[in-house]
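# Structural features, examined
Here is how the chains run, residue by residue.
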Amino acid sequence: QVHVMESGGGLAQVGGSLTLSCTASGQINTLHGMGWFRQALGKDREPVAAVAWTGSRVSYIDEVRGRFTIKRDNGKNTVSLEMNNLKVEDTAVYYCAASTSGYGLMPYVYDSWGQGTQVSVSS
């Protein structure tokens, strides 16, 4: 089993930047992919970005492509989400997730989830 824990987040102004980090522990050798999801107040959880644990595949939703960058550091078992040019609509709780079976933006691929970290963007 893989466990994940997020860090980072906080408050930023429109146009600002924040970086989230996620550390994986446990059976790292079973990892296939990791992803970031978010849930705004009153809305369903949605995917944000995903990265394959090996290789170079990454995926983004259209709303964040060009502003957010997902990176992995296999040596440190971490995945980061660099968020630039933040918008008010990026305000949400951000969740890190790990998959031992696949890769992508579909939530059902993931079997381990973090507790979430709040990102708030003010105008």
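Described below are features of the structure shown in this document. (Residues numbered from 1 in each chain as written. Predicted model: local features only at pLDDT ≥ 70, side-chain atom pairs only at ≥ 80, totals over all residues. Heavy atoms only, no water.)

On to the side chain of Arg67. Of note, Arg67 is situated in the loop between β6 (58-60) and β7 (68-73). A residue is classified by how much of its surface remains accessible, and Arg67, at 8% relative accessible area, is buried. Side-chain polar atoms of Arg67 contact the side chain of Asp90, separated by 2.8 Å. When neighbours within four sequence positions are excluded, Arg67 is seen to be in contact with Glu82, Met83, Asn84, Asn85, Leu86, Lys87 and Asp90. (Helix = DSSP H or I, 4+ residues; strand = E, 2+ residues; numbered from the N terminus. Buried < 20%, exposed > 50% of the residue type's maximum accessible area, 1.4 Å probe, protein only. Polar contact = N/O pair within 3.5 Å; in protein donor to acceptor, adjacent residues only side chain to side chain. Contact = heavy atoms within 4.5 Å.)

Bringing the packing of aromatic side chains into the picture now. Evaluated as defined, the whole model comprises three aromatic pairs. Seen in terms of ring centroids, Tyr110 and Trp113 are 6.2 Å apart; in terms of plane orientation they differ by 65°. Their pairing is edge-to-face. Look at Tyr110 and you get buried, because its relative accessible area is 6%. Overall, the relative accessible area of 28% leaves Trp113 in the partly exposed class. An aromatic cluster is defined as three or more aromatic residues linked by ring pairs; in this entry it consists of Phe37, Tyr110 and Trp113. (Phe/Tyr/Trp six-rings, centres within 6.5 Å; stacked < 30°, edge-to-face > 60°.)

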